[in-house]
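Residue-level structural notes
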Amino acid sequence: FGSTGLLSKQIKEGAPFDVFAAANVSYIDDLVGAGAVLPDSKELYGRGRIVIYTPEGAEPVAKLADLTDAKLKKVAIANPEHAPYGKAAEQALNKAGVYADVKAKLVPSENVLQAMQYVDSGNAEVAIVALSLALSAKGKHTVIEESLHEPIDQAIAVCEQSKQKAAAADFIGFVNSADGRVLMKKSGFLLPGEAVTAN
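This is a predicted model, so every value here is computed, not measured. (Residues numbered from 1 in each chain as written. Predicted model: local features only at pLDDT ≥ 70, side-chain atom pairs only at ≥ 80, totals over all residues. Heavy atoms only, no water.)

Another point: the pattern of salt bridges. Per the stated rule, a full pass over the model turns up 6 salt bridges. Across the salt bridge formed by Lys42 and Asp29, the nearest N and O atoms sit 2.5 Å from each other. Placement of the pair is Lys42 in the loop between α2 (25-33) and β2 (43-48) and Asp29 in helix α2, with a sequence separation of 13 residues. Residue classification places Lys42 among the partly exposed residues on the basis of a relative accessible area of 35%. For the salt bridge of Lys63 with Asp66, the shortest nitrogen-to-oxygen distance reads 3.1 Å. (Salt bridge = Lys/Arg side-chain N within 4 Å of Asp/Glu carboxyl O. Helix = DSSP H or I, 4+ residues; strand = E, 2+ residues; numbered from the N terminus. Buried < 20%, exposed > 50% of the residue type's maximum accessible area, 1.4 Å probe, protein only.)

Written as structure tokens, this is what we have:
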């Protein structure tokens with residue numbers, strides 16, 4: 001696990017990964033251009049959604065405008081410079097018209113998992129993270145309207161460095177099979193047109 005940008009950089013430098021599931025298809029496209037992943041193996045596996053995440057026992061935050069509340073001092077997000085979910089969080093805050101009021105509260109983290117850990121450890125009161133993470137966490141979450149940010153289309157591909165290319169391709173095949181889609185959707189990885197289930 002790691003931020004898509006940093007993992008992508010490692011793959012370009014020859015990291016011995018078999019499969020790369022990127023949080024934004026642009027990173028896979030970039031790796032195809034660099035010859036670091038197999039072009040024919042590229043598949044969309046999900047459209048990411050972002051949520052406002054609060055810790056177990058805390059009152060959920062209903063909307064982005066509520067992040068301007070003075071009682072909320074720290075809002076964790078993944079670093080928008082290299083994490084697609086952080087970029088989407090920044091876009092949503094801007095489009096909701098609250099970025100200027102929330103900017104001083106933002107605590108950038110390495111990735112969305114770390115942003116959620118900041119909340120669970122008490123180092124931030126709230127975070128904007130991936131739906132897929134929030135579904136398996138103890139805290140509460142509110143799904144952010146998809147129109148507030150660019151689509152987070154996520155793609156997966158076999159890495160050129162893999163010594164198990166056939167098995168890697170089989171894994172990708174499973175992810176997008178009927179059985180795989182049931183598991184992926186349950187874990188918050190939706191494809192365009194699939195609905196978010198209730199909290």
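What follows continues from the structure just given.
This paragraph deals with the sheet that holds strand β8 (residues 152-158). The 3 strands lie next to each other as β1-β8-β2, forming an open sheet whose pairing is antiparallel. Among the strands making up the open sheet, the edge pair consists of β1 (19-22) and β2. Adjacent strand axes in the sheet meet at a mean angle of 20 degrees when their direction is disregarded. Here β1 pairs with β8 via 4 bridges, running antiparallel. Along β8, the bridge assignment pairs Val19 with Val158. Sitting on the sheet, α2 is in contact with β1 and β8, with an inclination near 35 degrees to β8. (Pairing = 2+ DSSP bridges. Axes fitted to C-alpha atoms, helices over the stretch in contact; angles between N-to-C directions. Contact = heavy atoms within 4.5 Å.)

What follows covers the packing of aromatic side chains. Tallying each qualifying case throughout the model produces 1 aromatic pair. Between Tyr45 and Phe189, the ring centres sit 5.8 Å apart and the planes meet at 55 degrees, which makes this aromatic pair tilted. Placement of Tyr45 in strand β2 and of Phe189 in the segment after α8 (178-186) is noted, with a sequence separation of 144 residues between them. What makes Tyr45 buried here is its relative accessible area of 6%. (Phe/Tyr/Trp six-rings, centres within 6.5 Å; stacked < 30°, edge-to-face > 60°.)

Glancing now at the layout of surface pockets. Of the volumes computed, that of the largest pocket is approximately 870 Å³. Together, 31 residues line the largest pocket, and Phe1, Gly2, Ala21, Tyr45 and Phe189 are the ones closest to its centre. Elements with a contribution of two residues or more to the lining of the largest pocket: α1 (4-12), β1, α3 (84-95), α5 (112-120), α6 (131-134), β8, α7 (165-175) and α8. In terms of residue count, the dominant contributor to the lining of the largest pocket is α5 (4 residues). The class makeup of the residues in the lining of the largest pocket is 22 nonpolar, 9 polar and no charged. (1 Å grid on protein atoms, 1.4 Å probe; cavity = no way out; pocket = protein on both sides within 12 Å on 5 of 7 lines; lining within 4 Å. Points joined across faces, edges and corners; volume = space filled by probe spheres on them. Nonpolar A, V, L, I, M, F, W, Y, C, P; charged D, E, K, R; others polar.)

Here we come to the sheet that holds strand β7 (residues 140-143). An order of β5-β4-β6-β3-β7 is seen for the 5 strands of this open sheet, with the pairing classed as mixed. Only two strands of the sheet have a single neighbouring strand rather than two, namely β5 (106-109) and β7. In this sheet, neighbouring strand axes are inclined to one another by 30 degrees on average, regardless of whether the strands run parallel or antiparallel. Across 4 bridges, strand β3 (residues 50-54) lies against strand β6 (residues 126-130) in antiparallel orientation. Pairing of Ile52 across the sheet is with Ile128, part of β6. Across the face of the sheet, α3 comes into contact with β3, β4 (75-78), β5 and β6 while running at roughly 90 degrees to β3. With respect to the sheet, α5 is in contact with β3, β4, β5 and β6, its orientation differing from that of β6 by roughly 150 degrees.

Let's shift gears to the environment of Arg47. Here Arg47 is to be found in strand β2. With sequence-adjacent residues up to four places away left out, Arg47 is seen in contact with Glu146, Pro151, Ile152, Asp153, Leu190, Leu191 and Pro192. Reaching out from Arg47, the side chain makes a polar contact with the side chain of Asp153 at a distance of 2.6 Å. (Polar contact = N/O pair within 3.5 Å; in protein donor to acceptor, adjacent residues only side chain to side chain.)

Here we take up the nonpolar core. The biggest cluster of nonpolar side chains holds 39 residues, and the ones touching the most others in it are Ile50, Leu64, Leu67, Leu93, Ile128, Val129 and Ile144. Of all the secondary-structure elements, those providing two or more residues to this core are β3, β4, α3, α4 (99-102), α5, β6 and α6. Excluding anything up to four places from it in sequence, Ile50 contacts Tyr85, Ala88, Ala89, Ala92, Ile128, Val129, Leu131, Thr142, Val143, Ile144, His149 and Ile152. Ranked by size, the runner-up nonpolar core spans 11 residues in total, among them Ile11, Ala36, Ala155 and Cys159. (Core = buried A, V, L, I, M, F, W, Y, C linked by side-chain atoms within 4.5 Å.)

Any functional reading would require information that these geometric values do not contain.
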